[in-house]
Amino acid sequence: TRNGLNRLLPDGSGFRRWRHRQEDPFSLSDNGVWCVLEDSAGTLWVGTDRGLNRKVGEDRFERYLADPQKSGALCHDTVTVLFQDRQERLWVGTNGGLGLMSADRPHFQCYTESDGLVSNSIRAIQEDQDGHLWIASKKGLSRFDPRTASFTSFDVTDGLQGEEFSRVSLHTKGGALVFGGRN
């Protein structure tokens, strides 16, 4: 359902809900919430069907939206997964590619199929012990090396369970990366 963002109150007595309000530019940008991340600084990030939101007050959100006319804008408005790597960089998976948010300003570097990503529809992101990002999508799995900005892609011919992955992933304590899929 499209009910916005809900937080269980500490005493368990109910929920605090944040929703999109058309008249309020500081409300949540959309009620369709796909993912939530609290970063290492304690900032809450919310990925929705209409952009990325950063919580900046009890009832205030700063919005980051896609804009093909604007350099450095979010890759796509549908934000499907958020991930912070060991270097504390914020990676934003969307239905239009992978975005890396600059640490010092709201600017995104976007990586897409034209850069070697197997699919722009990103489902999950995990980081391996070497600092590579593993990106599950609708068409396979990509390994991204942030140092060289290069992708290596994998599909069923490499032994994957299938091409389409779900939003489920895990980095185990033993270092294994696990991704859920349709098969």
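Data block above holds the structure.
Residues numbered from 1 in each chain as written. Predicted model: local features only at pLDDT ≥ 70, side-chain atom pairs only at ≥ 80, totals over all residues. Heavy atoms only, no water.

Caption draft 1: Molecular detail of the pattern of salt bridges. Taken as a whole and judged by the stated rule, the model has 10 salt bridges. The partner of Arg 16 in a salt bridge is Asp 59, and the shortest N-O contact between them spans 1.8 Å. With a gap of 43 residues between them, Arg 16 in strand E2 (residues 15-18) and Asp 59 in the loop between strand E5 (51-57) and strand E6 (60-64) connect regions that are remote in the sequence. The salt bridge partner of Asp 145 is Arg 147, with a shortest N-O separation of 3.6 Å. Classification of Asp 145 as buried rests on a relative accessible area of 14%. Through salt bridges with shared partners, a single ionic network connects Arg 2, Asp 30 and Asp 49. (Salt bridge = Lys/Arg side-chain N within 4 Å of Asp/Glu carboxyl O. Helix = DSSP H or I, 4+ residues; strand = E, 2+ residues; numbered from the N terminus. Buried < 20%, exposed > 50% of the residue type's maximum accessible area, 1.4 Å probe, protein only.)

Caption draft 2: Region of the structure containing the state of the cysteines. Applying the stated criterion to the full structure yields one disulfide. Here Cys 75 engages in a disulfide with Cys 110; their sulfurs sit 2.2 Å apart. Around the S-S axis, the bridge from Cys 75 to Cys 110 shows a dihedral of about -110° and counts as left-handed. Within this pair, whereas Cys 75 is found in the loop between E6 and strand E7 (79-84), its partner Cys 110 is found in strand E10 (residues 108-111), the two being separated by 35 residues in sequence. In this structure Cys 75 comes out as buried when scored by relative accessible area, which is 19%. A disulfide-free cysteine, Cys 35 has its sulfur positioned 13 Å from the sulfur of Cys 75, the nearest such atom. (Disulfide = S-S within 2.5 Å.)

Caption draft 3: Region of interest: the packing of aromatic side chains. Considering all chains together, one arrives at nine aromatic pairs under this definition. Centroid distance Tyr 64 to Phe 108: 6.0 Å. Interplanar angle 75°. Geometry classified as edge-to-face. Separated by 44 residues along the polypeptide, Tyr 64 in strand E6 and Phe 108 in strand E10 bring together distant segments of the chain. We note that Tyr 64, like Phe 108, is buried. Between Trp 91 and Phe 144 the ring centres are 5.7 Å apart and the planes differ by 75°, which places this aromatic pair in the edge-to-face class. One end of the pair, Trp 91, is in strand E8 (residues 90-94); the other, Phe 144, is in strand E13 (residues 141-145), with 53 residues separating them in the sequence. Taken as a pair, Trp 91 and Phe 144 share a single burial class, namely buried. Among the aromatic residues, those joined into a cluster by ring pairs are Trp 91, Tyr 111, Phe 144 and Phe 151. Its guanidinium or amino end placed over the ring of Phe 26, Arg 60 lies 3.8 Å from that ring's centre, counting from NZ or CZ. (Phe/Tyr/Trp six-rings, centres within 6.5 Å; stacked < 30°, edge-to-face > 60°. Lys NZ or Arg CZ within 6 Å of the ring centre and 35° of its normal.)

Take it as geometry only, folks, not as evidence of what the structure does.
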